[in-house]
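# Geometric and topological summary
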Amino acid sequence: MKRVFVNEEWCLGCHLCEYNCAFANSGAKDMVLALKDKPIYPRIHIEERESITYAVSCRHCKDPICVKSCIAGALSKDGEVIKVDQNKCVGCLTCVMVCPYGALAPNEGGVMQKCELCLENSCGEPACVKGCPNRAIVYEERGEAL
Amino acid sequence: MKNYVIIGNGIAAAGCIEGIRSVDGEGKITVVSGEKHPVYCRPLISYYLEGRTDLERIGYKAPDFYERMGCKVLYGAKAISIDSKKRKITLDDGSTLSYDAACIATGSLPFLPGFEGLETVPKKYSFMTLDDALALEKAVDKSSRVLIIGAGMIGLKCAEGIRDRVQSVTICDLADHLLPSVLDAECAGLLQERMEDNGIRFIMGDSVAEFQGTKAVLKSGGTLDFDVLVLAVGVRPDAALAKEAGAKTDRGIITDTHMKTSLPGLYAAGDCVESYDAATNSIKVLANLPNASMQGFAAGANMAGGDVVCDKGIMMNSIGFYGLHAMTAGSYEGEVYEEKTEGSVKRLYYKDDLLKGFVLVGCCERAGIYTSMIREKTPLSSIDFDLMKKGATTAAFPKEVRHRKFGGAV
């Protein structure tokens, strides 16, 4: 399966991935109208430590603890992609309590959202990867899950 | 072809079904379901009352789950005994089920206290099952004054769920603060304040001396009139069936890390068991949904001849009221790192180079990183713990760990 991977040595810490993610998932046609002067709720975020920066989004684990922990049955594995059914989510944040990567966060309304690889939005491929200016985020095959 | 029987139809049972099918696609699976509903998650019943889920969305699995898994579900059936030598289970209608491997996933039962005069109360309910919630829904209207006994998770979530359907909600508990099993008075105070701001009243440090119909006489001497009573004093593991069958039990059914009981062919999973707690290295009741699901899966896989070890379970809980969330995990032993702001508290407990537990109120972002450190027993000397204290971040892990986590498939 193709996944999103990060090369932290190449990450500039520019946070463009966060904006591209929020825009791709906004359903809006114009990035300025969608994001300008608004708090954004991207499904990817930059982690920082001294001079190190890198982007974190869902790892689409082989044995996802978030799916096993979801009290509402809202998280599921569709093929190899982990998806959230926002209509079923009750916002209990149990998935936030268990994700070892810190890759899950709720949207503005307290409902969970997560990286679903942009496969079903207008971008059609991970927007974070497409817009990364230094190819620090890539979308590729790197062998099977451990 | 193997015969599998699962007693219970909750989250552990659903995990068990998937566990069996991860190894054995052929064997016959029979589920004994006391409740006449497909699997749903009990904590969702407060969200049902609140209108955040409904009978259509409350299902934990897709409607075709049992069919797809090739399971037969006996709705409204109760197992009354297990003969572990003959590997036979007797149901309440007198019929029997033979098994090669069976799993007890009976969950927990409400603890019913013996209040004086309780029998005089016309409308009284537990708040454990979907049927309890449906009955409570019918019993209340906009003029109802609801009294909830118990300021634990069940009582508090019931209060939040029912608040907008009724005239008033009062919670009474003998403890001096809410959620006493996991929070101290300071953290509990933040949650209580948020609930009070939303119209829920508390009578703490007091209890009911006697019920007289729709009047509660308190130990402190006061009285309280109410229309509907909810008893949410606590729960206990439903271990009776296993105990009578001769399995080793204490508070719950004792299991090993393969979710085996002391009897051959008999497994157990979920809120009814006592199992290995990775935070304290002891055997404990770890009644929470993630554990039920993972224990159920392990039990099922092992029943079918697989080898799945369940040795990372810990106590953990995520609970929120009116937008204020609290998370607790592990055990509160050792040294403590504390950070407070107005409206938030963070405490990390650590000992012997390991993170042992945490309490987070109003600052739950990425808490799963802390949880995984407890579960995985990550040595604190291997990470930048000072950075991790300030905020849960994978950046505190060494470079090679970061590369494995974010540069490879996991």
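Each residue is numbered by its place in its chain's sequence as written, counting from 1. Throughout, the order in which chains and ligands are written sets their labels, letters from A for the former and numbers from 1 for the latter. Given that this is a predicted model, residues contribute local features only at a pLDDT of at least 70 and side-chain atom pairs are listed and counted only at 80 or more, while totals for whole chains, interfaces and linings are drawn from all residues.

## Focus on the overall build of chain B
Under the scheme used here, helices are H or I runs from DSSP no shorter than 4 residues and strands are E runs no shorter than 2 residues, and both carry numbers assigned from the N terminus. Each helix and strand counted, chain B has 11 helices and 26 strands in total. To get the radius of gyration, use the C-alpha atoms; to get the globule rule, take the number of residues to the power 0.38 and multiply by 2.2 Å. Radius of gyration (C-alpha) of chain B: 23 Å, near the 22 Å computed for a compact globule of 410 residues. Seen through its C-alpha atoms, chain B measures out along the principal axes to roughly 65 × 60 × 35 Å. When burial is assessed residue by residue, chain B has 49% of its 410 residues classed as buried. Counting only contacts in chain B whose residues sit at least 6 apart along the sequence, the fraction spanning at least 24 positions is 64%. Exposure classes come from backbone-placed C-beta atoms, where a residue is buried if 20 or more other C-beta atoms lie within 10 Å of its own, exposed if 12 or fewer do, and partly exposed in between. Residue pairs qualify as contacts under a 7 Å threshold applied to their C-beta atoms, which are placed from the backbone.

## Let's talk about the overall build of chain A
Broken down by element type, chain A carries five helices and eight strands. The order of helices and strands in chain A, counted from the N terminus, is β-α-α-β-β-α-β-β-α-β-β-α-β. In terms of C-alpha radius of gyration, chain A reaches 15 Å, essentially the compact-globule figure of 15 Å for 146 residues. Seen along its three principal axes, the alpha-carbon backbone of chain A occupies a region of about 40 × 40 × 30 Å. Here chain A holds 146 residues, and the buried ones make up 46% of them.

## Describing the domain arrangement of chain A
All names here are of chain A. These domain limits were set by an automatic method or by a database of domain assignments. By domain assignment, chain A separates into domain 1 (1–57 + 124–146) and domain 2 (61–114). Residue-level contacts link six residues of domain 1 with nine residues of domain 2. Tallied by class, residues from the side of domain 1 that touches domain 2 come to four nonpolar, one polar and one charged. Ten residue types, Ala, Val, Leu, Ile, Met, Phe, Trp, Tyr, Cys and Pro, are classed as nonpolar, four, Asp, Glu, Lys and Arg, as charged, and the remainder, Gly among them, as polar.

## Some thoughts on the interface of chain B and chain A
Listed per partner, the contact involves 40 residues of chain B and 38 residues of chain A. Where the side of chain B that touches chain A is concerned, the elements lending two or more residues are α2 (44–50), α8 (289–303), β22 (316–321), β23 (324–330), α9 (367–376) and α11 (399–407) of chain B. Considered class by class, the residues forming the side of chain B that touches chain A number 19 nonpolar, 14 polar and seven charged.

## Some words on the sheet that holds strand β4 (residues 79–83) of chain B
Residues and elements named next belong to chain B. Taken together, the three strands give an open sheet; going across it, the order is β4-β5-β6, and neighbouring strands pair in antiparallel fashion. The open sheet has two edge strands, β4 and β6 (96–98), and neither has a second partner. Direction aside, neighbouring strands of the sheet carry axes that sit 20 degrees apart on average. One bridge is not enough; two strands pair if DSSP finds at least two bridges between them. In this analysis, axes come from line fits to C-alpha atoms, helices being fitted only over the stretch in contact, and the angle between any two N-to-C directions falls in the range 0 to 180 degrees.

## Considerations on the pairing of strand β13 (residues 208–212) of chain B
Residues and elements named next belong to chain B. The sheet contact formed by β13 and strand β14 (residues 215–218) spans four bridges and is antiparallel. Residue pairing across strands places Val-208 opposite Leu-218, the latter belonging to β14. The antiparallel pairing of β13 with β14 creates a hairpin that spans two residues between the two strands, and Gly-213 there sits at a positive phi of about 65 degrees.

## Comments concerning the sheet that holds strand β19 (residues 266–268) of chain B
Residues and elements named next belong to chain B. Taken together, the five strands give an open sheet; going across it, the order is β3-β2-β1-β7-β19, and neighbouring strands pair in parallel fashion. Each of the sheet's edge strands pairs with one partner strand only, and the pair in question is β3 (71–75) and β19. Direction aside, the axes of adjacent strands within the sheet are offset by 20 degrees on average. Taken together, the five bridges between strand β2 (residues 28–33) and β3 define a ladder with parallel strand orientation. By the bridge assignment for β3, Ile-29 is matched with Cys-71.

## Re unusual backbone geometry
Residue and element names in this part refer to chain A. For Leu-117, which is not glycine, the phi torsion reads 65 degrees and is therefore positive. Along the chain, the position of Leu-117 falls in the loop between β7 (112–113) and α5 (127–130). Phi is positive for Cys-118, close to 60 degrees, though the residue is something other than glycine. Note on placement: Cys-118 falls in the loop between β7 and α5. Owing to 22 C-beta atoms within 10 Å, Cys-118 belongs among the buried residues under this scheme.

## Focus: α9 of chain B
In terms of residue burial, α9 of chain B counts as a mostly covered element, since nine of its 10 residues are buried. Along α9 of chain B, the residues that are buried comprise Ala-367, Gly-368, Ile-369, Tyr-370, Thr-371, Ser-372, Met-373, Ile-374 and Arg-375 of chain B. Buried residues along α9 of chain B sit in contact with α4 (94–98) of chain A together with β22, β23, β25 (344–351) and β26 (354–361) of chain B. Once α9 of chain B ends, the next one or two residues include Lys-377 of chain B, with phi positive near 55 degrees.

## With respect to the nonpolar core
Grouped together as the largest cluster of nonpolar side chains are 181 residues, with contacts concentrated most on Ile-6, Cys-103, Val-230 and Ala-269 of chain B. Considering every element that reaches this core, the biggest residue donor is α8 of chain B, with eight residues. For our purposes the nonpolar core covers buried Ala, Val, Leu, Ile, Met, Phe, Trp, Tyr and Cys residues that link as a set through C-beta atoms within 7 Å.

## A few points about the environment of Arg-165 of chain B
Residues and elements named next belong to chain B. Mapped onto the secondary structure, Arg-165 falls in the loop between α5 (153–162) and β11 (168–173). Between the C-alpha atoms of Arg-165 and Glu-50, which are 115 residues apart in sequence, the distance is 8.3 Å. Setting aside chain neighbours within four positions, we find Arg-165 in contact with Leu-49 and Val-140.

## A look at the packing of helix α1 (residues 11–23) of chain B against α8 of chain B
Residues and elements named next belong to chain B. The geometry of α1 relative to α8 is characterised by a closest axis approach of 6 Å and an angle of 35 degrees between their N-to-C directions. Relative to α8, the crossing made by α1 is right-handed. From α1, Ile-11, Ala-12, Ala-13, Ala-14, Gly-15, Cys-16, Ile-17, Glu-18, Gly-19, Ile-20, Ser-22 and Val-23 reach across to α8, where they touch Leu-289, Ala-292, Ser-293, Met-294, Gln-295, Gly-296, Phe-297, Ala-298, Ala-299, Gly-300, Ala-301 and Met-303. Put simply, a crossing is left-handed when the front helix is turned counterclockwise from the back one by less than a right angle, and right-handed when it is turned clockwise.

## What about the domain arrangement of chain B?
All names here are of chain B. The domain architecture assigned to chain B consists of domain 1 (3–108 + 236–303), domain 2 (118–233) and domain 3 (323–407). Here the C-alpha centroids of domain 1 and domain 2 sit 30 Å apart. Taken together, the contact between domain 1 and domain 2 spans 11 residues of the former and 14 residues of the latter. Of the residues assigned to the side of domain 1 that touches domain 2, the class counts are six nonpolar, two polar and three charged.

## Quick notes on the confidence of the model for chain A
Residues of chain A with pLDDT of at least 70 account for 99%, and the chain-wide mean is 93. Here pLDDT means the predictor's own confidence in every residue, given as a number from 0 to 100. When mean pLDDT is compared element by element in chain A, α4 of chain A scores highest at 98, while helix α2 (residues 31–35) of chain A scores lowest at 89.

## Some words on helix α1 (residues 16–24) of chain A
Residues and elements named next belong to chain A. Taking burial as the measure, the nine residues of α1 include seven buried ones, the bulk of the element. Along α1, the residues classified as buried are Cys-17, Glu-18, Asn-20, Cys-21, Ala-22, Phe-23 and Ala-24. Turning to α1, the residues buried within the fold contact α2, β2 (45–49), β3 (52–56), α5 and β8 (137–141).

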